[in-house]
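Chain by chain, the residues run as shown.
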Amino acid sequence: MEIITSVNNQRIKEISNLKQKKFRTESGKFFAEGLRAVEEAVRYADVTEVFYTGTEDRKLQELLNLAEEKKIPLCQVDDKVMAKLSDTKTPQGVLAVIRLPDNDLRQLQPHMADKKRHAGKQDSIGKAVPETDNNAPVVILDRIQDPGNMGTIIRTADAAGALGIILLEDCVDPFSPKAVRASMGSLFHLPVVQGVTAEEALTWCYRSGYEPVATAMQGAANIYKADLSKKTAFIFGNEANGVSEALQAAVQTRLFIPMTGLAESMNVATAAGIILFEGLRQRKFCR
């Protein structure tokens with residue numbers, strides 16, 4: 001175990017720089033902080049080192065023991081160094097540096113998702129592994145700009161049993177600190193494929209037997225009357241402008257969420273949650 005107490009330490013500076021996308025891309029690394037996120041990263045991701053402040057917290061000690069079992073280097077730092085590393089005003093005292101995953105569309109297959117879940121099970125006592133869902137949905141995001149929305153959608157997709165996430169070009173970086181925090185560890189549970197063109201995404205859908213379905217305000221079907229139990233790739237769009245007109249025109253099915261109040265629209269992460277869980281209800285609980 002190493003101890004670092006200087007904020008001017010070169011490694012500390014390099015890790016602090018990972019708050020910026022430029023340095024994440026150059027180094028091929030990002031970081032996650034907080035007990036829950038770091039624990040999930042240690043179980044499921046390629047963690048290169050863990051930094052923590054001195055504490056007697058039992059759960060943190062269990063996490064450090066798990067990291068040691070996986071031969072992940074540990075480094076104890078003081079509060080000033082942790083504040084330098086952290087992207088929050090009140091650091092939670094533990095941070096993991098992680099290699100960026102090299103995900104591509106070939107990984108969006110049910111057997112690949114099961115393999116990853118079972119790999120985590122080796123270290124997870126009493127944690128159930130989700131059963132295979134051959135109709136698990138895929139989420140396609142079109143120009144999502146807010147990192148909080150990005151992380152929340154990833155977390156929601158994970159909870160709803162999604163196979164993976166496809167990010168079209170011009171989406172916010174899902175490995176930014178805020179997006180990682182918002183995902184609450186779900187970023188490490190399912191593949192997130194970045195920089196995909198709309199044409200590539202649609203081609204993957206048709207080749208893989210998925211029907212691409214876009215959210216829309218007009219010319220759309222009520223989600224509670226549509227069949228969401230089959231293999232579906234749900235497309236959610238930009239916070240201000242929704243799914244692009246070109247994408248809406250390229251798909252045969254569009255969906256809307258019926259609303260009875262005075263609100264004209266809802267947050268994209270909220271909409272994604274409603275639709276994904278309606279799909280889960282139809283797949284699992286309407287037989």
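Residues numbered from 1 in each chain as written. Predicted model: local features only at pLDDT ≥ 70, side-chain atom pairs only at ≥ 80, totals over all residues. Heavy atoms only, no water.

> Mind showing me how you'd approach the overall build of the chain here?
Helix and strand counts for the chain come out as 11 helices and 12 strands. With respect to the principal axes defined by its C-alpha atoms, the chain has extents near 60 × 35 × 35 Å. In the chain, 79% of the contacts between residues at least 6 apart in sequence involve partners at least 24 apart. By element, 48% of the accessible surface of the chain is carried by carbon and sulfur atoms, the whole surface being about 14500 Å². Within the chain, one finds 36 positive and 36 negative side-chain charges whose respective centroids are separated by 2 Å. (Helix = DSSP H or I, 4+ residues; strand = E, 2+ residues; numbered from the N terminus. Contact = heavy atoms within 4.5 Å. Areas by Shrake-Rupley, 256 points an atom, 1.4 Å probe, with all protein chains shown as cover. Lys, Arg positive; Asp, Glu negative; His and termini not counted. Charge placed at Lys NZ, Arg CZ, Asp CG, Glu CD.)

> Please explain the pairing of strand 3 (residues 47-53) as it appears in this structure.
Side chains on a regular strand alternate between the two faces of the sheet. Across the seven residues of strand 3, seven count as buried, placing the element largely inside the fold. Summarising the sheet, strand 3 and strand 5 (residues 94-99) pair through five bridges and their orientation is antiparallel. By the bridge assignment for strand 5, Y52 is matched with V94. By the bridge criterion, four bridges tie strand 3 to strand 4 (residues 74-77) in an arrangement that is parallel. Bridge pairing links T53 to V77 in strand 4. Note on the crossover from strand 3 through helix 4 (residues 58-69) to strand 4: the handedness is right-handed. (Buried < 20%, exposed > 50% of the residue type's maximum accessible area, 1.4 Å probe, protein only. Pairing = 2+ DSSP bridges. Right-handed = clockwise from strand over helix to strand, strands pointing away.)

> Is there a simple way to think about the packing of helix 7 (residues 147-159) against helix 11 (residues 268-284) in this case?
Two numbers describe a pair of packed helices, the interaxial angle and the distance between the axes. Where helix 7 contacts helix 11, the two axes come as close as 9 Å, and the packing angle between them is 10 degrees. When the axis of helix 7 is compared with that of helix 11, the two are roughly parallel. On helix 11, the residues touching N149, T152, I153, T156, A157 and A159 of helix 7 are V268, A269, A272, G273, L276 and F277. (Axes fitted to C-alpha atoms, helices over the stretch in contact; angles between N-to-C directions. Parallel < 35°, antiparallel > 145°, perpendicular 65-115°, else oblique.)

> Got a minute to help me understand helix 7 in this structure?
Spanning 13 residues, helix 7 covers 18 Å between terminal C-alpha atoms, matching the ideal 18 Å at 1.5 Å per step. With respect to burial, helix 7 is a largely interior element, 10 of its 13 residues being buried. When helix 7 is considered as a whole, its buried residues turn out to be P147, G148, N149, M150, G151, I153, I154, T156, A157 and D158. Tucked into the core, helix 7 has its buried residues touching strand 6 (138-142), strand 7 (164-168), helix 8 (177-183), strand 8 (192-196) and helix 11. Structurally, the start of helix 7 carries an N-cap: the backbone nitrogen of G148 is 2.9 Å from a side-chain oxygen of D146. At the exit of helix 7 stands G161, carrying a positive phi of roughly 80 degrees. (Expected span 1.5 Å × (residues − 1). Polar contact = N/O pair within 3.5 Å; in protein donor to acceptor, adjacent residues only side chain to side chain.)

> Just checking my understanding: could you explain the sheet that holds strand 6 for this structure?
Taken in spatial order, the seven strands of this open sheet run 8-7-6-11-9-12-10, and their pairing is parallel. Here the strands that pair on one side only, and so sit at the sheet edges, are strand 8 and strand 10 (221-222). Here two bridges tie strand 10 to strand 12 (residues 253-256), and the two strands are oriented parallel to one another. Of the residues in strand 12, the one forming a bridge with N222 is F256. Strand contacts of helix 7: strand 6, strand 7 and strand 8, with the helix running at about 170 degrees to strand 6, the strand carrying the most contacts. Relative to strand 11 (residues 232-237), helix 11 is tilted by about 160 degrees, and along the sheet it contacts strand 6, strand 9 (211-215), strand 11 and strand 12.

> Even after reading the chapter, I still don't get the side chain of T232, so can you show me in this structure?
Relative to the helices and strands, T232 resides in strand 11. For T232, a relative accessible area of 1% gives the class buried. Residue contacts for T232: discarding those within four places in its chain leaves P137, V138, Y210, E211 and V213.

> Help me understand the layout of surface pockets, please; the structure alone is not making it clear to me.
Over the atoms rolls a probe the size of a water molecule, and its path tells where empty space is left. The space that makes up the largest pocket amounts to roughly 600 Å³. As for the largest pocket, its lining consists of 24 residues, of which T215, M217, G242, S265 and M266 are closest to the centre. Breaking the lining of the largest pocket down by element, the ones donating at least two residues are strand 11, strand 12 and helix 11. Looking at which element gives the most residues to the lining of the largest pocket, the answer is helix 11, with three residues. (1 Å grid on protein atoms, 1.4 Å probe; cavity = no way out; pocket = protein on both sides within 12 Å on 5 of 7 lines; lining within 4 Å. Points joined across faces, edges and corners; volume = space filled by probe spheres on them.)

> Got a minute to help me understand unusual backbone geometry in this structure?
Only a minority of non-glycine residues have a phi that is not negative, and only a minority of peptide bonds are not trans. The residue R143 is not glycine, and still its phi comes out positive at about 60 degrees. When you line up the elements, R143 lands in the loop between strand 6 and helix 7. Exposure remark for R143: the relative accessible area of 23% places this residue in the partly exposed category. You will see that M184, though not glycine, has its phi angle at about 50 degrees, which is positive.

Taken by themselves, the reported measurements are silent on function.
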